[in-house]
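Residues per chain, in single letters:
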Amino acid sequence: METAKPRTLPLSKRGFNFEMIMWIFTRLTALAMYGFILAGLIGGLIVSAQTGANLADILRWAFLPNLNENPLGAYIWITILVKLMVIAFVLIVSGHGVHGVLEILDDYFAGVVARRWFRNGIIAYALVVNAIAIYVIWAS
Amino acid sequence: MGLKRNVGLAVALRYKGKTPFWSYILHRIGGSALFTFFTIYIMALAGVDFASGILGNWLFQIFSLSFGLFHIINGLRITILDLFPNLIRRQREAIWLEWAVFLPLYGFMLFVVFRSAVGG
């Protein structure tokens, strides 16, 4: 049976432009998010082994880290590490999401002026949201 | 100059792309749902009361989690197929595998949210 030939181009023939960089960025940020989720779950499992916590606590510590309730929050280095990890996660989510939304908007709004407004608006949104998130996470 | 495709919603929905096309549409809806969730989550973190109320609403939780979970699992499939292009010829099988992973997780998620909603 004849198999269909894959419609893919090797990297060397795709060119290295802005679109290519953003394509790689989207994939790498997605992989980074899976990595952070895995790290959060492993961290929760380590805590559970030391404290006998249940699955609900593990998931809550992994995805909604509140160091006041987490017994490992007493260690300064863990507090700083978790805050840095959550900030990195938020920045990656924000970058991935903002780029994705812009890509969708670009598909449905074809005008040059509209696209420029959306681009500027989404960059402003990202700056404001990231600033709020970093402040809240670090000050908590 | 901007690209003009002039494809209306009705025409787009009749497009015979089948499962890959519907995955593409659901992925976009899921991305938008997660973007909305992210915005409301940051607002709740910043202390906006109505944002905390929305986050606690079980209908919003089901909406965000349904599309968000699909976006996460479908995104993993896309990333794997992008990084290993030889697998693209098996993309329909990959989509069925994706649904096989999604449905049990989705069922468990619905159970947890409904149980919390009715105070269980």
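Cut-offs applied
Residues numbered from 1 in each chain as written. Chains lettered and ligands numbered in written order. Predicted model: local features only at pLDDT ≥ 70, side-chain atom pairs only at ≥ 80, totals over all residues. Heavy atoms only, no water. Helix = DSSP H or I, 4+ residues; strand = E, 2+ residues; numbered from the N terminus. Buried < 20%, exposed > 50% of the residue type's maximum accessible area, 1.4 Å probe, protein only. Areas by Shrake-Rupley, 256 points an atom, 1.4 Å probe, with all protein chains shown as cover. Lys, Arg positive; Asp, Glu negative; His and termini not counted. Charge placed at Lys NZ, Arg CZ, Asp CG, Glu CD. Phe/Tyr/Trp six-rings, centres within 6.5 Å; stacked < 30°, edge-to-face > 60°. Lys NZ or Arg CZ within 6 Å of the ring centre and 35° of its normal. Contact = heavy atoms within 4.5 Å. Buried area = accessible area lost by both parts, 1.4 Å probe. Salt bridge = Lys/Arg side-chain N within 4 Å of Asp/Glu carboxyl O. Polar contact = N/O pair within 3.5 Å; in protein donor to acceptor, adjacent residues only side chain to side chain. Nonpolar A, V, L, I, M, F, W, Y, C, P; charged D, E, K, R; others polar. Patch = residues over 30% accessible without salt bridge, like charges linked within 9 Å, V, L, I, M, F, W, Y side chains within 5 Å. Expected span 1.5 Å × (residues − 1).

Quick look at the overall build of chain B
When helices and strands are counted, chain B shows five helices and zero strands. When the helices and strands of chain B are listed from N to C terminus, the series reads α-α-α-α-α. By principal-axis analysis of the C-alpha atoms, chain B measures approximately 45 × 40 × 30 Å. Taking all 120 residues of chain B together, the buried fraction comes to 31%. Accessible area of chain B: about 7700 Å², with a carbon and sulfur share of 71%. Distance between charge centres in chain B, computed from 11 positive and 4 negative side chains, equals 13 Å.

A word on the packing of aromatic side chains
Inspection of the entire model under this criterion finds 13 aromatic pairs over all chains. With a centroid separation of 5.3 Å and an interplanar angle of 45°, the aromatic rings of B:Phe70 and B:Trp99 are classed as tilted. Of the two residues, B:Phe70 is situated in helix H4 (residues 58–83) and B:Trp99 in helix H5 (residues 91–117); the sequence distance between them amounts to 29 residues. Aromatic rings pair up to connect B:Phe70, B:Trp99, B:Phe102 and B:Tyr106 into one cluster. Cation over ring: A:Lys83 sits above A:Trp138, and NZ or CZ is 5.7 Å from the ring centre.

As for the interface of chain A and chain B
Counting residues at the interface gives 30 residues for chain A, matched by 26 residues for chain B. Of the roughly 2300 Å² buried between chain A and chain B on both sides combined, carbon and sulfur atoms contribute 67%. Considering only the surface of chain A that becomes buried against chain B, A:Arg27, A:Tyr34 and A:Tyr125 emerge as the three largest contributors, covering 21% of it. The residue A:Asp107 makes a salt bridge to B:Arg28 at a minimum N-O spacing of 2.7 Å. Linking chain A with chain B are five residue pairs in polar contact (both at pLDDT 80 or more). Elements supplying a minimum of two residues to the side of chain A that touches chain B: helix H2 (18–51), helix H4 (76–108) and helix H5 (112–139) of chain A. Looking at the side of chain A that touches chain B, the element that brings in the most residues is H4(A), giving 11 residues. Residues of the side of chain A that touches chain B, tallied by class, amount to 21 nonpolar, five polar and four charged.

So, a nonpolar patch on the surface
A grouping of A:Leu28, A:Leu31, B:Leu76, B:Ile80, B:Leu83, B:Phe84 and B:Leu87 is seen on the molecular surface, where their side chains present a nonpolar patch of about 610 Å² in accessible area. Looking at which element gives the most residues to the nonpolar patch, the answer is H4(B), with three residues. Within the secondary structure, B:Leu83 is located in helix H4. Exposure remark for B:Leu83: the relative accessible area of 47% places this residue in the partly exposed category.

Quick word on helix H2 (residues 18–45) of chain B
Here H2(B) spans 40 Å end to end across 28 residues, near enough to the 40 Å set by a 1.5 Å rise per residue. Just beyond H2(B), the residue with positive phi is B:Gly47, at close to 95°.

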